[in-house]
Amino acid sequence: MTTEEVVNSPVEHQEKTTPLQFLDLGLQFEQIRNEVMQAVTNVLETQRFVLGLEVEQLEAEISDYLGCRFAVSCASGTDALMLALMATGVSSGDEVITTPFTFVATASAIVRAGATPVFADIDPKSYNLDPESMARAITSRTRAVIPVHLFGLPAEMEPINDV
């Protein structure tokens, strides 16, 4: 059989699968559609794509909400992780504990900072970082922990902070 015949041959036992959906962003978008569309329209009409009024307003709202002097927005979650790691001085030879059940950017940012990602187990109910597993993963080289908040469910920060 030639390559062309293999590529073009019908698949006899092809199974149809439905992807597992953890989070319905479409439903969330429908609830805030008008607000989002107005904000996007404003940005397109003013042509202020970088550091515009919307960014200033977002940073002010976040700093007010958190009760801190400043908030810095980022282009992506990856950038935010890199800034946090750089601000805490994470570098070569350090270890950063995190969860394996996250987007690749979490471990990628750790590696980009020169550190080694150390994966602790997750809680089977929340899928977030398990504080006990995290505690067992700590070594003398541990410099930071990145607990990922997943699917709108925050990680158990009290026991994580206690450790």
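Bear in mind that the values here come from a model prediction, so they are computed numbers and not experimental data.

1. A short note on the packing of aromatic side chains
Alright, step 1. Enumeration according to the criterion identifies two aromatic pairs in this entry.
Alright, step 2. On the basis of an interplanar angle of 40 degrees and a centroid distance of 5.4 Å, the ring pair of Phe101 and Tyr127 is categorised as tilted. Here the residue Phe101 occupies a position in the loop between β1 (95–98) and α5 (105–112), and Tyr127 occupies one in the loop between β2 (116–119) and α6 (131–137), the gap between them amounting to 26 residues.
Alright, step 3. Its relative accessible area of 29% is what places Phe101 among the partly exposed residues.
Alright, step 4. On the basis of relative accessible area, Tyr127 is assigned to the partly exposed category, the value being 34%.
Alright, step 5. Note on Phe101 and Phe151: the rings are 6.3 Å apart at their centroids and 75 degrees apart in plane angle, and the pair reads as edge-to-face. One end of the pair, Phe101, is in the loop between β1 and α5; the other, Phe151, is in the loop between β3 (142–146) and α7 (157–162), and 50 residues separate them in sequence.
Alright, step 6. The exposure class assigned to Phe151 is partly exposed, which follows from its relative accessible area of 28%.
Alright, step 7. Each member of the aromatic cluster is reached from another via a ring pair, and the members are Phe101, Tyr127 and Phe151.

The rules behind the values
Residues numbered from 1 in each chain as written. Predicted model: local features only at pLDDT ≥ 70, side-chain atom pairs only at ≥ 80, totals over all residues. Heavy atoms only, no water. Phe/Tyr/Trp six-rings, centres within 6.5 Å; stacked < 30°, edge-to-face > 60°. Helix = DSSP H or I, 4+ residues; strand = E, 2+ residues; numbered from the N terminus. Buried < 20%, exposed > 50% of the residue type's maximum accessible area, 1.4 Å probe, protein only.

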